[in-house]
Amino acid sequence: MSPWHHPGAWDVLVVGGGHAGCEAALAASRCGSRTLLVTQSVDRIGWMSCNPAIGGVGKSHLVAEIDALGGEMARVTDRAGVHYKWLNRSRGPAVHALRVQCDKLAYATAMRMVLENQPSLDIKQGTVAQLWLDDTGAVRGVISGHGVAYSARTVVLTAGTFLAAVCHTGEAQEAGGRAGEGAANDLGQQLRDAGVRTRRHKTGTCPRLDHRTIDWAQLTVDPGEKDPTPLARHGARPALAQMDCHAASTTPETHAVIRAAIHRSPLFSGQIGGAGPRYCPSIEDKVMRYPQRESHVLYLEREGWQTQEVYLSGLSTSLPPDVQLAAVRTVAGLEQAEIVRFGYAVEYDTIDPTQLDSSLALPAVPGLYLAGQVNGTSGYEEAAAQGIVAGLAAVALVQGRSQPVWPRSESYIGVLVDDLVTRGGDEPYRMFTSRAEHRLRLRTGNADLRLTPTGRALGLVGDRQMAIFEAHRSHLDVGRRAMAEARLTPTEATLGHVEATGTGTLRGPVRLADLLKRPDLSWRDVRMLLPDNILALPERVIDELVTELRYAGYVDREKLRVARAQRAETVTLAADMDYRAIGGLSAEAIELLERVRPKDLGQAGRIPGLTAGALEAVAIHIEVRRRRAAGSLTPKNPASHGDQQA
């Protein structure tokens, strides 16, 4: 049956209303492109399928950068947040992380309202069955399962966990990327038929308990922050009343129940073959891999004020329902607990992201971009970050502009994208601060300084956000000058205040900026010594100024490393370069280079498994070709020549 062609036409069409799709659709429409979002269910826009939490280690850096660029995730989180918690506070400010538990219904409702009220953005419900391609294989739009063809100049595919997806609960299986929702089998097959390499991944979720059946008196209270800091850098205070989380632990009896039924677990019976997330293992994995452990920590987290459901974090499982209930009831406080929703695992197809370029475009299908879990990542934050990258890239193509560039040295978003397209991964990718070699420069506190001007230039940052940013930047300039000019003398009062902090004494006049560099000194402990023009600044501004002072030396050294890396990135490699013609390359090196097709020598150096010798062979090959073209045979350092196309 021929499809019915919808009379509309769009610049950017986004497939999927998850976290990647929401940011992609908003970015495209806010930058002036007519945008269509097609999703299986409009009631599941912005849905939190797993734990309803945003942020955490590494992830909160991505959220801060999305916010700085003009994205929506942080703002919606502050409209739905019910439990704010700082992590890594015992370490330096560069790795501090804010995690926010949300009311999942409030989050989804708020995000849907934002999308429905966004000019130039249309929303349609429907399952996308296949891409609509022209005779050259380029994108023309999509065709839904209802036989409706939607025309678009570009498509951003955010299929999440829905490609050839199967849900597992014990021995039971059902098609679907989420419990009760269908799979996108035809679309995945179309990509494979086009020669796109796919992998099989797995993720899972935890049981949800009935709040009324839990003995809360036996659990340990885990309170949130008394005065929550908004996740959005310049956002409003959290909108909802706050609630406590609670901690519990598994017991030897829990582990015995799981071991006795391990043959019924799809993970251990061979029923599931996909790779799961290493950093979020199932309870089956934890029990079997660490037999010496007598307990594992669990957190009970309310899913919001509008429901009695409680998320049992730490107990991700695909065990059969009877085993899940028996295991849960061995935990103190959960002896009478009832499970509202059983945990399950989802096995699904992802594409090998090394087939993408740095804009998340798939060159094999011109006009197609991919973002989110379909690229082999895990987590709402990683998905949203890719969504904003893909949405902005699609707009650039439509508007005939150069593609935005995301260097690793400038953002965690850049680290994420480069890791995906260069390294790929055999397991779901999760962001950590340890993945960013320039993390001392890439702090949540300076995300706006790094990225808001970029968001403005791309058309994503509006007038209000820009005005707030300019005021913040002005405050920082005032504070820097004031701290550089202020001097303290070792009077009796001054000495007393400084020595009371336990960080030493003053042996002579000192600049305030030098005093505040002391790592164990909190500026709040000596606030009585600060000039009025500094104290008049917002506290977040002062915090950032002190962090700048303490990291200044390290950041200067990082800038030198960045400059060295950038020199390698000026040596570009042709997309069709014949690596088999380069002498000295092993078959393994050739395979790696042909799979990734690095755009420059710097990216080639980040390919896992590519040896220094192989990299040197490529560099020498480039230099020989350059000199032959120039008619010179004088030996020179190949890495010193920039802007050369191999």
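Computed from a predicted structure; not experimentally measured. (Residues numbered from 1 in each chain as written. Predicted model: local features only at pLDDT ≥ 70, side-chain atom pairs only at ≥ 80, totals over all residues. Heavy atoms only, no water.)

Okay, the sheet that holds strand E13 (residues 208–210) next. With antiparallel pairing, 6 strands are arranged side by side in an open sheet as E14-E15-E16-E17-E13-E18. Taken across any chain shown, the strands that pair with only one partner, and hence form the sheet edges, are strand E14 (220–222) and strand E18 (339–341). Looking at each pair of strands side by side, their axes are set apart by 35 degrees on average, direction ignored. Bridging between strand E16 (residues 297–302) and strand E17 (residues 309–313) involves 4 bridges; their strand directions are antiparallel. (Pairing = 2+ DSSP bridges. Helix = DSSP H or I, 4+ residues; strand = E, 2+ residues; numbered from the N terminus. Axes fitted to C-alpha atoms, helices over the stretch in contact; angles between N-to-C directions.)

Counting residues in each nonpolar core, the largest one holds 99 residues, and the members touching the most others are Leu13, Ile54, Tyr107 and Leu368. Take this core: its biggest share by element is 12 residues, from helix H10 (residues 380–399). Setting aside its immediate chain neighbours within four residues, Leu13 contacts Leu36, Val38, Val142, Tyr150, Ala152, Thr154, Val155 and Val156. (Core = buried A, V, L, I, M, F, W, Y, C linked by side-chain atoms within 4.5 Å. Buried < 20%, exposed > 50% of the residue type's maximum accessible area, 1.4 Å probe, protein only. Contact = heavy atoms within 4.5 Å.)

Here the focus is the packing of aromatic side chains. Under the definition given, this model contains 3 aromatic pairs. A centroid spacing of 4.6 Å and a plane angle of 75 degrees characterise the contact between Tyr279 and Phe432, whose relative ring orientation is edge-to-face. Within this pair, whereas Tyr279 is found in the loop between helix H7 (266–269) and helix H8 (283–289), its partner Phe432 is found in the loop between helix H11 (412–423) and helix H12 (447–458), the two being separated by 153 residues in sequence. Owing to a relative accessible area of 37%, Tyr279 belongs among the partly exposed residues under this scheme. Between Tyr551 and Tyr554, the aromatic rings sit 6.5 Å apart at their centres with planes inclined by 75 degrees, giving edge-to-face as the arrangement. Highlighted residues: Tyr551 and Tyr554, both in helix H17 (residues 539–569), separated by 3 residues, approximately one helical turn. In this structure Tyr554 comes out as partly exposed when scored by relative accessible area, which is 44%. We note Arg44 situated over the ring of Trp47; from NZ or CZ to the ring centre the distance is 4.1 Å. (Phe/Tyr/Trp six-rings, centres within 6.5 Å; stacked < 30°, edge-to-face > 60°. Lys NZ or Arg CZ within 6 Å of the ring centre and 35° of its normal.)

In terms of burial, E17 is a largely internal element, 5 of the 5 residues being buried. Of the two faces of E17, both are covered, the one formed by Glu309, Tyr311 and Ser313 as well as the one formed by Val310 and Leu312. Bridge analysis of E13 against E17 gives 3 bridges, and the strand direction is antiparallel. By the bridge assignment for E17, Leu209 is matched with Val310. From the end of E16 to the start of E17, which pair antiparallel, there are 6 residues, and Gly304 there has a positive phi angle of about 140 degrees.

Attention now moves to the state of the cysteines. What we call a disulfide is simply a covalent bond connecting the sulfur atoms of a pair of cysteines. With the rule as written, the count across this model stands at 0 disulfides. Considering cysteine sulfurs only, Cys245 is the nearest to Cys102, which forms no disulfide, with 11 Å between them. Counting only cysteine sulfurs, Cys50 is the nearest neighbor of Cys280, a cysteine outside any disulfide, at a range of 6.3 Å. Residue classification places Cys280 among the partly exposed positions, given a relative accessible area of 44%. (Disulfide = S-S within 2.5 Å.)

This brings us to the pairing of E16. Alignment of strand E15 (residues 245–249) against E16, held across 4 bridges, turns out to be antiparallel. Pairing of His246 across the sheet is with Leu300, part of E16.

Of all 11 residues in helix H2 (residues 59–69), 11 are buried; the element is thus mostly enclosed. If you check which residues of H2 are buried, you get Lys59, Ser60, His61, Leu62, Val63, Ala64, Glu65, Ile66, Asp67, Ala68 and Leu69. Within two residues after H2, Gly70 carries a phi angle of roughly 105 degrees, on the positive side.

Attention now moves to the confidence of the model for the protein. Summary statistics for the protein give a mean pLDDT of 91 and a share of 98% for residues scoring 70 or more. For residues 635–646, every residue scores under 50 in pLDDT, and the model assigns this stretch 30 contacts once sequence neighbours within four places are set aside. (pLDDT = per-residue confidence, 0-100.)

Turning next to the sheet that holds strand E12 (residues 198–204). Whether parallel or antiparallel, the strands of a sheet pair through hydrogen bonds between backbone atoms. Pairing within the open sheet is antiparallel, and its 4 strands lie in the order E11-E10-E19-E12. The open sheet has two edge strands with one neighbour each: strand E11 (172–175) and E12. When strand polarity is set aside, the average angle formed by the axes of neighbouring strands in this sheet is 25 degrees. The sheet contact formed by strand E10 (residues 166–169) and E11 spans 4 bridges and is antiparallel. Looking across to E11, one finds that Cys167 is bridged to Glu174.

Turning our eyes to something else, we now look at the side chain of Thr77. In this fold, Thr77 is placed in helix H3 (residues 73–80). Ignoring sequence-local partners within four residues, the contact set of Thr77 consists of Ile54, Tyr84, Val100, Cys102, Tyr107 and Leu231.

Our next topic: helix H5 (residues 185–193). Buried within H5 we find Leu187, Gly188, Gln190 and Leu191. End-on view of H5: buried residues confined to an arc of 155 degrees, all on one side of the axis. Away from its buried face, by an angle of more than 90 degrees, H5 presents the exposed residues Asp186 and Asp193. (Arc of directions from axis to C-beta.)

On to the side chain of Thr254. Here Thr254 is to be found in helix H6 (residues 252–260). What makes Thr254 buried here is its relative accessible area of 0%. Filtering out sequence-adjacent residues up to four positions away, Thr254 remains in contact with Ala327, Thr330 and Val331.

What follows covers the packing of H2 against H3. Where H2 contacts H3, the axes come no closer than 7 Å and their chain directions differ by 110 degrees. Comparing the axis directions of H2 and H3 gives the class roughly perpendicular. Across the interface between the two elements, Val63, Ile66 and Asp67 from H2 touch Met73, Ala74 and Arg75 from H3. Within the contact of H2 with H3, the residues separate by chemical class into 4 nonpolar, no polar and 2 charged. (Parallel < 35°, antiparallel > 145°, perpendicular 65-115°, else oblique. Nonpolar A, V, L, I, M, F, W, Y, C, P; charged D, E, K, R; others polar.)

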